[in-house]
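Breakdown of the fold
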Amino acid sequence: MAIDIVTVLIPGLILGIIFGIILQRGRFCMNSAFRDIILLKEYKLVKSVILAILVAMLGFAIMSFAGIITLNPKAFSWGANIVGGFIFGIGMVLAAGCASGTTYRVGEGMMGSFVALLGYGTAAYFTKFGALNPIAKFLQTETRITNPDGSSLTVFGDLTPIFMLILGGVGIALIAFFWIYKELKAKKAENKAMFDFSDLGIKIFKRGWHWAPTGIAIGILGWFAYISSAAAGRNYPLGITGGWVGWNKFWITGDISALGWETWLVLGVVLGAFIVALIAKEFKLRTPKDGKKILIQFIGGVAMGFGAVTAMGCNVGNILSGFPLLSVGSLLAGAFIILGCWVTAYLLFMRK
Amino acid sequence: MVEANDILDCRGEVCPYPDVKSKRKVKKMNSGEILKILVDYPLSAERIPETMKSMGNEVLSVEKTDNSEWEIQVKIK
């Protein structure tokens, strides 16, 4: 079977490049976002994450009512969601980046993230197809709870699409009023222009993006990702783990059909981040000076790989794509990703 | 250019070490002293000055010195 260039390779790669550009310019990393709530009391990135989720939610609801996409929330297996999510959360603090964060930082030339990515991809493959698979499979099948018809549990059952529409719309309105409008008003009070479009090129390519456009851009990218990915036979929006598992499967087994839409997406992320990091003069091949830190990043990557496959999704599959679909499994996994992140950040950085 | 009392080299450090280290460092320094922080991680280069300001310290300068390298000068309150 050859790779379908028109529906799989090109759209996956292009959307990946756009994803990588937004991630690098917006410094969008969920590990930083969640960790810094407790560590630095810094909320910009988490605002960006929440906005991206709500924009995606509203879009998915509308596209579903319009018949453009079929909603496909992830399964609920509480044991797998809890164990996998928690281990993934621990791993991303050790690896110094979530699945998407680690991927885009490879494009910035951070060799520690590159080592983390090797651990992540390998462990994910071992968990999906290798020696670690029985653990993941046991947790996923023994603790699975579905609707009577076998479909995945969502928070509001049959009414979930309507609630996605309401929650998405109301949530965006609340953010616009309480966070964005307030910031603009504060700018006005300082006699600065509310929207300053001068030096737009410099603002886009030389400086980090504001959290709001970053969040909106990632949410909207999710809509196109859903349509494009479904057309390629993978009915789900953005994801990272499956992409790296696919590359491993291709290199190990030689099976070219493993190179699906998601493999081109993750490759695109690295490329996109590389291009904009070069333009912004932020590309540099660098390593942590302390060899121990590289080892810790590798161990973190391994934990992320095992956790993501066990929990049936990383922070992108479960939080960025799964929260908008209101999947009970994704919400539980996401909660434990955040919990694992907080416990580890507290133990590593906050104890005196 | 003012002479720095101390230099904190965070180049090569992974997220969030530059932030945590610089925060710990300035807490140990005396009022009026100047710390020069070297970072090569873009997010920290943007975030450290803000953290320093919110701690009440004065950010004297943020200078991009090379590809993905920044020099931040902070005066302790």
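Preceding this section is the structure that the text describes.
Right, let's walk through the structure included here. All values reported here derive from a predicted model rather than from experimental measurement. Along each chain, residue indices are assigned from 1 in the same order as the chain's sequence is written. Key to labels: chains lettered from A, ligands numbered from 1, both in the order written. In keeping with the predicted nature of the model, local features appear solely for residues at pLDDT of at least 70, side-chain atom pairs appear and are counted solely at 80 or more, and the whole-chain, interface and lining totals rest on all residues.

1. Examining the pairing of strand β2 (residues 34-39) of chain B
Looking along a regular strand, one sees side chains alternate from face to face of the sheet. Residues and elements named next belong to chain B. Basically, it comes down to this: We call a residue exposed when 12 or fewer other C-beta atoms sit within 10 Å of its C-beta, buried when the count reaches 20 or more, and partly exposed for counts in between; the C-beta positions come from the backbone. Secondary structure elements are defined from DSSP: runs of H or I of at least 4 residues count as helices, runs of E of at least 2 residues count as strands, and each element is numbered from the N terminus. Strand pairing is defined by DSSP finding a minimum of two bridges between the two strands. If the strands point away from the viewer and the path from the first strand over the helix to the second runs clockwise, then the crossover is right-handed.
Residues of β2 alternate between two faces, with Leu35, Ile37 and Val39 buried on one and Ile34, Lys36 and Leu38 left unburied on the opposite face. Where strand β1 (residues 6-9) lies against β2, four bridges are found, and the strand directions are parallel. Directly across from Leu8, in β2, lies its bridge partner Ile37. In this fold, β1 hands off to helix α1 (residues 17-28), which returns the chain to β2; that crossover is right-handed. Where β2 meets strand β4 (residues 69-75), six bridges bridge the pair, whose relative direction is antiparallel. Across the sheet, residue Ile34 finds its bridge partner in β4, namely Lys75.

2. What to know about helix α3 (residues 44-65) of chain A
Note the cut-off: One less than the number of residues in a helix, times 1.5 Å, gives the span that helix is expected to have.
A rise of 1.5 Å per residue sets the reference length of α3(A), with its 22 residues, at 32 Å; its end C-alpha atoms lie 32 Å apart and thus fit the reference within 8%. Count one or two residues on from α3(A) and you reach A:Gly67, which has phi positive near 80 degrees.

3. What about the packing of helix α1 (residues 5-26) of chain A against helix α10 (residues 211-231) of chain A?
Residue and element names in this part refer to chain A. Selection rule: Only the contacting stretch of a helix is used when fitting its axis, a line to C-alpha atoms as for every element, and angles between N-to-C directions run 0 to 180 degrees. Each angle gets one of four labels, with under 35 degrees taken as roughly parallel, over 145 as roughly antiparallel, 65 to 115 as roughly perpendicular, and the rest as oblique. Crossing chirality is assigned from the near helix's rotation relative to the far helix, an anticlockwise turn below a right angle marking it left-handed and a clockwise turn marking it right-handed. The contact criterion used here is simple: two residues whose C-beta atoms, placed from the backbone, lie within 7 Å are in contact. Under the convention adopted here, Pro, Cys and the residues Ala, Val, Leu, Ile, Met, Phe, Trp and Tyr are nonpolar, Asp, Glu, Lys and Arg are charged, and Gly plus all remaining residues are polar.
Look at α1 against α10: their axes get within 10 Å of each other, and the N-to-C directions meet at 165 degrees. The angle between α1 and α10 places the two elements in the roughly antiparallel class. Along this stretch, α1 crosses α10, giving a crossing that reads as left-handed. Each of Thr7, Pro11, Leu15, Ile18, Phe19, Ile22 and Gly26 in α1 lies in contact with α10, whose residues at this interface are Thr214, Ala217, Ile218, Leu221, Phe224, Ala225, Ser228 and Ala231. Its residues assigned to classes, the contact of α1 with α10 comprises eleven nonpolar, four polar and no charged.

4. Let's talk about the sheet that holds β2(B)
All names here are of chain B. The four strands lie next to each other as β1-β2-β4-β3, forming an open sheet whose pairing is mixed. What marks the edges here is a single partner per strand, and that holds for β1 and β3 (58-66). Along the sheet, successive strands turn relative to each other by an average axial angle of 20 degrees, direction set aside. Each of β1, β2 and β4 is contacted by α1, which is oriented at about 170 degrees to β2, the strand it contacts most.

5. A closer look at the interface of chain A and chain B
Across the contact, 21 residues belong to chain A and 15 residues belong to chain B. Elements that contribute at least two residues to the side of chain A that touches chain B include exactly α2 (30-39) and α13 (291-310) of chain A. Broken down by class, the residue content of the side of chain A that touches chain B amounts to six nonpolar, six polar and nine charged.

6. Considering the nonpolar core
For clarity, the threshold we go by: Definition of nonpolar core: a set of buried Ala, Val, Leu, Ile, Met, Phe, Trp, Tyr and Cys residues joined via C-beta atoms within 7 Å.
Counting 128 residues, the largest nonpolar core has A:Phe19, A:Ile22, A:Met57, A:Phe60, A:Phe88 and A:Met304 as its most contacted members. For this core, the leading source of residues is α3(A), giving twelve residues.

7. A look at the environment of A:Thr253
Mapped onto the elements, A:Thr253 comes out in helix α11 (residues 241-253). Placed 142 residues apart in sequence, A:Thr253 and A:Met111 show a C-alpha to C-alpha distance of 27 Å.

8. Some words on the environment of A:Ala225
Residues and elements named next belong to chain A. Structurally, Ala225 can be placed in helix α10. Classification of Ala225 by C-beta neighbours within 10 Å gives buried; the count is 27. Between the C-alpha atoms of Ala225 and Pro237, which are twelve residues apart in sequence, the distance is 5.2 Å. What Ala225 contacts, discounting residues up to four positions off in sequence, is Leu15, Pro237 and Leu238.

Bear in mind that shape data such as this cannot, by itself, settle questions of function.
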